[in-house]
Amino acid sequence: MREFRHAVIGCGRVASNHVDGFGAVPGWSVAVACDREAHADTFAKTHGIPEWTRDHTTVLADPTVTSVSVTVDHAQHGELVRQALDAGKHVLVEKPLCLDEPEAHTLTALAAERGLVLSVVAQHRYDPLVLAVRDWVAEGLLGDLLYVSARLQARRPEDYYADSYWRGTRAGEGGSALINQGYHCLDTVRWICGDLTVHAATAGTRVLTGVMETEDTLGALLSAGPVSVTLNVTVASSVDWRTRVELVGSLGSVVFDLDHPGTLHHRSGPGELLRRADQERARSLAEEPPGIAYYGVSHRRQIADFCRSVTDGTPMLSAPEDAVGTLRTINDLYDAAGAR
Ligand SMILES: NC(=O)c1ccc[n+]([C@@H]2O[C@H](COP(=O)([O-])OP(=O)(O)OC[C@H]3O[C@@H](n4cnc5c(N)ncnc54)[C@H](O)[C@@H]3O)[C@@H](O)[C@H]2O)c1
């Protein structure tokens, strides 16, 4: 079997999810850890990665490296993705693809032109429960959707921002509660309901005023065609992490969360919906998450899909253009809130 050597550029909080995911795919492994700071060495040793470097250009110049994960601050995503594609590497980049929509289009076009796989991590798109709800909506089991509500309440302590070179800054993060933590709720609604139009939004720094220049809280009204969508996200609450997505239709409704292992809290509607929902409830996602618990385990699923696409050339479940759409909605929300 051919061996594929993957490299992770950025060895911070999320990087272990990438090492775990590539390590689980036969023939693949993370062969190089790269971080511009000295902890590249420790990260490599802890995870059994044979090589490490502080310079990403040496990774990109290595012809034996097939693909890279870009797991650094948001502001550098665009440039590192471009350099990696230019070097002929397939790229898995953490969300968001970059901060600027025109640049996002350029990157997706560059990947297509070069015949390289470009994928933006949005692991909850791969959660079995999210995929099931998406099917129920598409098959009309909820009838006509009337409204959708998506919420994240999270808590980030002051040092999460104060000790970071990029979080809580417009230049480094491009926003905060929405583009970082709230990304998943918003992206999941887009994945289920389709493209979103922004009608109104409000954003502010309510609690974490001393440590961040960007928002700790955002509320918005959007629509997906005729369906009204409300979105609320905060990182200033007293709860570490809790998401909630509610879809109400003319025939049925569901309420679920994305928190590991992803729970279906309520379902009502036609018999077929109840049957499918109860089947889904019985399915277990009780795998041990490799990193922080609420990141879940679906990095594994997206990474397996990425590796399959690199190997056999067939498209992934979710296209990079989907991530451009989510970026557009995020920037529209910031514009509507006067926060950009
Ligand atoms: N999908 C998820 O659930 C999830 C969870 C957490 C973070 N993320 C995303 O992952 C990305 C990274 O977040 P994090 O929390 O791991 O950040 P982090 O600050 O913990 O880690 C970033 C690392 O990148 C390194 N770095 C910066 N520039 C570099 C460069 N040019 N070359 C090599 N290394 C460089 C830094 O030294 C740091 O160690 C962000 O895009 C974030 O939104 C996603």
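Conventions adopted
- Residues numbered from 1 in each chain as written.
- Predicted model: local features only at pLDDT ≥ 70, side-chain atom pairs only at ≥ 80, totals over all residues.
- Heavy atoms only, no water.
- Helix = DSSP H or I, 4+ residues; strand = E, 2+ residues; numbered from the N terminus.
- Polar contact = N/O pair within 3.5 Å; in protein donor to acceptor, adjacent residues only side chain to side chain.
- pLDDT = per-residue confidence, 0-100.
- Phe/Tyr/Trp six-rings, centres within 6.5 Å; stacked < 30°, edge-to-face > 60°.
- Buried < 20%, exposed > 50% of the residue type's maximum accessible area, 1.4 Å probe, protein only.
- Lys NZ or Arg CZ within 6 Å of the ring centre and 35° of its normal.
- Contact = heavy atoms within 4.5 Å.

## Focus: the environment of threonine 57
Reasoning step 1: Relative to the helices and strands, threonine 57 resides in helix H3 (residues 56–61).
Reasoning step 2: The sequence separation of threonine 57 and cysteine 34 amounts to 23 residues, and the corresponding C-alpha distance is 9.8 Å.
Reasoning step 3: Here the side chain of threonine 57 touches aspartate 55 through a polar contact of 2.7 Å, side chain to side chain.

## A short note on the confidence of the model for the protein chain
Reasoning step 1: For the protein chain, mean pLDDT is 97; residues scoring 70 or higher make up 99% of the total.
Reasoning step 2: Mean pLDDT per element in the protein chain: helix H11 (residues 271–282) is the minimum at 94, and strand S5 (residues 90–93) is the maximum at 99.

## Remarks on unusual backbone geometry
Reasoning step 1: Following lysine 95, the chain continues into proline 96 via a peptide bond in cis, with omega recorded as -10°.
Reasoning step 2: Along the polypeptide, proline 96 turns up in the loop between S5 and helix H5 (101–114).
Reasoning step 3: In this structure, the amide linkage connecting histidine 260 to the following residue, proline 261, adopts the cis form with an omega of 10°.

## What to know about the packing of aromatic side chains
Reasoning step 1: This structure, assessed with the given rule, holds six aromatic pairs.
Reasoning step 2: Ring centres 4.4 Å apart and planes at 10° place the aromatic pair phenylalanine 4 and tryptophan 28 in the stacked group. Residue phenylalanine 4 is located in strand S1 (residues 4–9), and its partner tryptophan 28 is located in strand S2 (residues 28–34); the two are separated by 24 residues in the primary sequence. Of the two residues, phenylalanine 4 and tryptophan 28, neither departs from the other in class, the shared state being buried.
Reasoning step 3: Seen from their ring centres, phenylalanine 22 and phenylalanine 306 are 5.9 Å apart, and the 85° between their planes marks the pair as edge-to-face. Remark: phenylalanine 306 occurs in helix H12 (residues 299–312) and phenylalanine 22 occurs in helix H1 (residues 15–23); sequence separation between them is 284 residues.
Reasoning step 4: Its relative accessible area of 0% is what places phenylalanine 306 among the buried residues.
Reasoning step 5: In textbook terms, an aromatic cluster arises when at least three aromatic residues are bridged by ring pairs, as seen for Phe4, Phe22, Trp28 and Phe306.
Reasoning step 6: Stacked on the ring of tyrosine 165, the Lys or Arg arginine 36 has its end atom at 4.8 Å from the ring centre.

## Remarks on the side chain of histidine 299
Reasoning step 1: Within the secondary structure, histidine 299 sits in helix H12.
Reasoning step 2: The residues touching histidine 299, leaving out its near neighbours within four places in the chain, are Val14, Asn17, His18, Glu94, Val121 and Gln123.

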